[in-house]
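Given next are the chains, with one letter for each unit.
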Amino acid sequence: MLQFFSASTSIVNSKRAITECLENALEGQGSLDCDLIIIYTAMGHNFKDLISEAHKLSPKARIAGCTCAGVIGKNGPDESMTALAIMAIKGPKNEFVITNRKTSEGIDPFKIAAEMAQELKDRNPGINGLLFLPSIFEWLPFDQAMGGINSVFSHGVNVFG
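Residues numbered from 1 in each chain as written. Predicted model: local features only at pLDDT ≥ 70, side-chain atom pairs only at ≥ 80, totals over all residues. Heavy atoms only, no water.

Peer 1: In this structure, what is going on with the pairing of strand S3 (residues 62-67)? I would like to understand it.
Peer 2: Both faces of the sheet carry side chains from a regular strand, because those side chains alternate between them. Relative to S3, strand S2 (residues 36-41) is paired through 6 bridges, and the arrangement is parallel. What sits directly across from Ile37, in S3, is Ile63. Regarding the hand of the β-α-β motif, the stretch spanning S2, helix H2 (residues 47-57) and S3 is right-handed. (Pairing = 2+ DSSP bridges. Helix = DSSP H or I, 4+ residues; strand = E, 2+ residues; numbered from the N terminus. Right-handed = clockwise from strand over helix to strand, strands pointing away.)

Peer 1: Would you mind going over the pattern of salt bridges with me for this structure?
Peer 2: Opposite charge on two side chains lets them pair, provided their charged atoms get close. According to the stated counting rule, one finds 5 salt bridges in the structure shown. Ionic pairing is found between Glu53 and Lys56, a salt bridge with its closest N-O pair at 4.0 Å. Pair noted here: Glu53 and Lys56 are both in helix H2, with a separation of 3 residues, about one helical turn. A relative accessible area of 11% means that Glu53 is categorised as buried. (Salt bridge = Lys/Arg side-chain N within 4 Å of Asp/Glu carboxyl O. Buried < 20%, exposed > 50% of the residue type's maximum accessible area, 1.4 Å probe, protein only.)

Peer 1: What's the story with helix H3 (residues 109-123) in this structure? I'm lost.
Peer 2: Residues three or four positions apart in an α-helix share a direction because the helix packs 3.6 residues into each turn. Look at H3: 21 Å from first C-alpha to last across 15 residues, which is about the 21 Å you get at 1.5 Å a residue. Close packing links the buried residues of H3 with strand S7 (129-131) and helix H4 (142-153). (Expected span 1.5 Å × (residues − 1). Contact = heavy atoms within 4.5 Å.)

Peer 1: For this particular structure, what's the right way to read the layout of surface pockets?
Peer 2: Over the atoms a probe the size of a water molecule is rolled, and this reveals where empty space is left. Roughly 1500 Å³ of volume is contained in the largest pocket. Forming the walls of the largest pocket are 43 residues, and the residues nearest its centre are Ala64, Gly65, Thr99, Leu131 and Leu133. Elements with a minimum of two residues in the lining of the largest pocket: S2, H2, S3, strand S6 (84-90), H3 and S7. For the lining of the largest pocket, the element with the highest residue contribution is S3, accounting for 5 residues. A breakdown of the residues in the lining of the largest pocket according to their chemical character gives 29 nonpolar, 11 polar and 3 charged. Taken as a whole, the second largest pocket spans an internal volume of roughly 170 Å³. (1 Å grid on protein atoms, 1.4 Å probe; cavity = no way out; pocket = protein on both sides within 12 Å on 5 of 7 lines; lining within 4 Å. Points joined across faces, edges and corners; volume = space filled by probe spheres on them. Nonpolar A, V, L, I, M, F, W, Y, C, P; charged D, E, K, R; others polar.)

Peer 1: Help me understand the sheet that holds S2, please; the structure alone is not making it clear to me.
Peer 2: Two pairing modes exist for strands in a sheet, parallel and antiparallel, and in both the strands are linked by backbone hydrogen bonds. The strand order S1-S6-S2-S3 describes an open sheet built from 4 strands, whose pairing is mixed. At either margin of the open sheet sits one strand with a lone partner, and together these are strand S1 (3-9) and S3. With direction set aside, neighbouring strand axes in the sheet form an average angle of 15 degrees. Where S2 meets S6, 6 bridges bridge the pair, whose relative direction is antiparallel. Paired with Ile38 across the bridge in S6 is Met87. Strands S1, S2 and S6 of the sheet are contacted by helix H1 (residues 14-25), whose axis makes an angle of about 140 degrees with S1. (Axes fitted to C-alpha atoms, helices over the stretch in contact; angles between N-to-C directions.)

This is how it looks when you write it as structure tokens:
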């Protein structure tokens, strides 16, 4: 069974910010090791520092994430340039899968989303939810991307993000 943990901060120093988030999220867990870290960050952070420090603190974790105009953490919304929130997940690796694509303007949202959905389904046929973090402009219109996902999963999978 998956366990979910979260934390947020607006510390300016990127390495310290990710450290604080992991320490707060995984407080009482005995270590900062987890299986997946999802990073949500505003544009004011050094992304390389966030990722390298997260790998250093939790070497087995897979890392995914996105940029945003703000985050919603335990203390409410934060729209500062150094807003950072994480979700840390622990659990059996067969209970979650991730995929990604490098995209650029002019992609076919239906085709790419269908390819990604099929890859996820092939790796874990029991999927019942998808966290979809698209880069906004390349994936417009989103209804076409959702159509691609639904072409693979029908209507049995909740999509959020």
